[in-house]
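Structural features, examined
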Amino acid sequence: MNYILELLIILSISFVGELLHSVIPLPVPASIYGLVIMLVGLMTGVLKLEKIEKTARFLIDIMAIMFIPAAVGLMEQWSSLSSFLIPAAVITIVVTVIVLVVTGRVTQWVIRKENKK
């Protein structure tokens, strides 16, 4: 029964994210709204980690299984996607490098700032 209550909490937060996505005219996915709500709830103490931890760990454990439908969809559409393979690969590599560099720089900046204190 505890898993059902934990899943209900997680799904409720995801639903609020969906509602925010439909109300706020920003190009932000609903899942991001839900993750931000979850983060704020956990950081402020409104939501206790113990209230969702078991189900969250279970969902993380089965995450790989959740990608199977997407992979099957890609395989079914391979003929129409093959013409975009090279541009998509180049864009993915460039964006990944940019994200890594920006993340590294921000991390270095935060560490330096903490060391000065």
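Our subject in this report is the structure included herewith. For clarity, every value in this text was computed on a predicted model and none was experimentally measured.

What follows deals with the overall build of the chain. The number of helices and strands found in the chain is seven helices and zero strands. Its helices and strands taken in sequence order, the chain reads α-α-α-α-α-α-α from the N to the C terminus. Taking 2.2 N^0.38 as the reference for a compact globule, 117 residues should give roughly 13 Å; the C-alpha atoms of the chain span a radius of gyration of 19 Å, well beyond that estimate. Over its C-alpha atoms, taken along the principal directions, the chain stretches across nearly 50 × 50 × 35 Å. A buried classification covers 10% of the 117 residues belonging to the chain. Partitioning the intrachain contacts of the chain with sequence separation of at least 6 by distance along the chain shows that 48% fall at a separation of at least 24.

Per the counting criterion, the structure on display carries one salt bridge. A salt bridge links Glu53 to Arg57; its shortest N-O distance comes to 3.0 Å. Here Glu53 pairs with Arg57, and both are found in helix 3 (residues 53–61), just four residues apart, close to one helical turn. Using a relative accessible area of 53% as the deciding quantity, one classes Arg57 as exposed.

Definitions and limits used
Residues numbered from 1 in each chain as written. Predicted model: local features only at pLDDT ≥ 70, side-chain atom pairs only at ≥ 80, totals over all residues. Heavy atoms only, no water. Helix = DSSP H or I, 4+ residues; strand = E, 2+ residues; numbered from the N terminus. Rg over C-alpha atoms; globule rule 2.2 N^0.38 Å. Buried < 20%, exposed > 50% of the residue type's maximum accessible area, 1.4 Å probe, protein only. Contact = heavy atoms within 4.5 Å. Salt bridge = Lys/Arg side-chain N within 4 Å of Asp/Glu carboxyl O.

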